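Working through the structure, step by step
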Amino acid sequence: MVNVIGLGYIGLPTALMMASHGVEVVGTNHSQGKVDMLKAGKTTFEEDGLDELFQAALDGGIQFTTEYQVADVYIVSVQTPYDKFTKKVEMQYVTAAIGDVLKVAPKGAIIVVESTVSPGSIDKYVRPYVTEKGFKIGEDIHLVHAPERIIPGNMIYELLHNDRTIGADDPDIGEKIKVLYATFCGGNIVVTDIKTAEMTKVVENTFRAVNIAFANELAKICRHDGMDVYEIIKICNMHPRVNILQPGPGVGGHCISVDPWFLVGDYPSLAKVIDESMKTNDSMPDFVLNRIYEIMKEKGMTDITRVGLYGLTYKENVDDMRESPTLQLLESQERHLATGLKVYDPYITNDVVPNQYHDLSEFLNAVDFVIIMVKHNEIKGNMERLADKVVLDCHNICSLPGVYHI
Ligand SMILES: NC(=O)c1ccc[n+]([C@@H]2O[C@H](COP(=O)([O-])OP(=O)(O)OC[C@H]3O[C@@H](n4cnc5c(N)ncnc54)[C@H](O)[C@@H]3O)[C@@H](O)[C@H]2O)c1
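So, here's what we can say about the structure. (Residues numbered from 1 in each chain as written. Predicted model: local features only at pLDDT ≥ 70, side-chain atom pairs only at ≥ 80, totals over all residues. Heavy atoms only, no water.)

A short note on the sheet that holds strand β14 (residues 404–405)
In space, the 6 strands of this open sheet follow the order β11-β10-β9-β12-β13-β14, with parallel pairing throughout. Two strands in the sheet have a free side with no partner beyond their single neighbour: β11 (356–357) and β14. Looking at chain direction, strand β13 (residues 390–393) and β14 are connected through 2 bridges and run parallel. Bridge pairing in β14 places L392 opposite Y404. Across the sheet, helix α11 (residues 272–299) touches β9 (307–310), β12 (369–372), β13 and β14, and the angle it forms with β13 is around 155°. (Pairing = 2+ DSSP bridges. Helix = DSSP H or I, 4+ residues; strand = E, 2+ residues; numbered from the N terminus. Contact = heavy atoms within 4.5 Å. Axes fitted to C-alpha atoms, helices over the stretch in contact; angles between N-to-C directions.)

Below, the structure is given as structure tokens:
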């Protein structure tokens, strides 16, 4: 039996996927509210295909509880934020979950840490913790790290098709866990050691962050000297070995805006390019805010309350707002003691920020200047409704005449 600990964006679909592929699964979350919702047959976030997967998992006998179970395998998928000051990974959620697992785990149980952690974290934080509690690693308890690569918005497809990495002390234990993931995963599954698995996950997200930062830096250079960054990237990408990403209003989410900081925190004198890249990405919401003021000045607009941000989530067509560029921009505006920007996102139905709208028509009636912060399909299908607005398009998706860019 598998006990999945932490039923968030990653733990829930993983638990559902296993249960719908013949594995006996109990999902544990310490939040009673979340467990009640799942028991009532409701998913806790929106994702294409999640409701169907949920039904298949219910048919497969999945159960939800706040209690930790006696199980052969524990999959720990709790949050791993970073300390904003030291930039190091915060491991307390992982160790707390493991502490509770150890209270019920039978001899020989396998604890799989799925949460993203910086290289060496399991050695530094988990091993001593387990040993201090009186367990012999390799005999009483086996440790495995199986990081997750899926992207919100395409989670179900990616769970089924992505290649995976499993890090284990003991290759036989690694193979056992490989068999478990292979019940649903059609991709290649590489078995390696724990520290290598930890590093690969962080490096993958760091690669993405550095490449995004390069595009964002180009956008700033081009803006400074009146060049068209999109045209330049398009032409450069015709080179057979060049593939520049698109600039944007910043980076959010639980991965690319967080994990690279672990390397900066742990290797401050070495991770220089990474440090600068993260700072560049983090500077983008401020850059957009300055563009807003610049454009207002150019247009002779003085009323910030007639300006609206389209999109609150960190990426298109999902309801996840964590670390989103729009939230960062609003925080920055508050720090400058200014407020008044209006906000709308079709995926955010509850009130989370001031001046928030829940209807596109009402939002558009309330503003003269729209900033496209997120490229949801909704706005792509409604571009003509921006024809009488001033538009700052942070994603280069709007072909209306006179549109501004970052
Ligand atoms: N969200 C992503 O796109 C993504 C992608 C790949 C990897 N990851 C990594 O996966 C891990 C989980 O991320 P997430 O987005 O699912 O986080 P999340 O915050 O959505 O989910 C974590 C869940 O764990 C629960 N929890 C915390 N401590 C617990 C405990 N002791 N016992 C039981 N439940 C507990 C929380 O209530 C929450 O429901 C993180 O390390 C993240 O970096 C996330």
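Let's talk about α11
Between its first and last C-alpha atoms α11 spans 40 Å; for 28 residues at 1.5 Å apiece the expected length is 40 Å, and the two agree. At M284, α11 shows its largest kink, close to 35°, and the proline P285 lies no more than four residues downstream. Looking one or two residues past α11, G300 carries a phi angle of roughly 70°, positive in sign. (Expected span 1.5 Å × (residues − 1). Bend = angle between axes of the 7 residues up to and from the residue.)

Quick word on the side chain of T95
Examined against the element boundaries, T95 turns out to sit in helix α4 (residues 92–104). Once you skip the residues sitting within four places of it in the chain, T95 turns out to touch Y125 and Y129.

Points about the site of the ligand
Taken together, 23 residues sit near the ligand, with I10, N29, K34, Y68 and T80 positioned nearest. In this structure, R322 approaches the ligand through a side-chain N or O atom, which is 2.9 Å from an oxygen atom. When the ligand is considered free in solution it has 830 Å² of accessible area, and contact with the protein chains removes 93% of it. Across the shell around the ligand, the residue classes tally to 9 nonpolar, 10 polar and 4 charged. Lining the shell around the ligand are residues from two domains, each supplying at least three of them: domain 1 (2–192) and domain 2 (204–405). (Near = heavy atom within 4 Å. Polar contact = N/O pair within 3.5 Å; in protein donor to acceptor, adjacent residues only side chain to side chain. Areas by Shrake-Rupley, 256 points an atom, 1.4 Å probe, with all protein chains shown as cover. Nonpolar A, V, L, I, M, F, W, Y, C, P; charged D, E, K, R; others polar. Domains from an automatic or database assignment.)

Some remarks on helix α9 (residues 229–236)
Among all positions of α9, only V229, Y230 and I233 are buried. The buried side chains of α9 occupy one side of the element, clustering within an arc of 100° when seen end-on. Packed against the buried residues of α9 are α8 (194–224), β13 and β14. Capping the start of α9, D228 holds a side-chain oxygen 3.0 Å from the backbone nitrogen of Y230, two or three residues further along. (Buried < 20%, exposed > 50% of the residue type's maximum accessible area, 1.4 Å probe, protein only. Arc of directions from axis to C-beta.)

A look at the packing of α8 against helix α10 (residues 259–266)
In contact at an axis separation of 7 Å, α8 and α10 are set at 110° when each is read in the N-to-C sense. Put simply, α8 runs roughly perpendicular to α10. Mapping the contact onto sequence places M199, K201, V202, N205, T206 and A209 in α8 and D259, P260, F262 and L263 in α10. Residues belonging to the contact of α8 with α10 are distributed by class as follows: 6 nonpolar, 2 polar and 2 charged. (Parallel < 35°, antiparallel > 145°, perpendicular 65-115°, else oblique.)

Take it as geometry only, folks, not as evidence of what the structure does.
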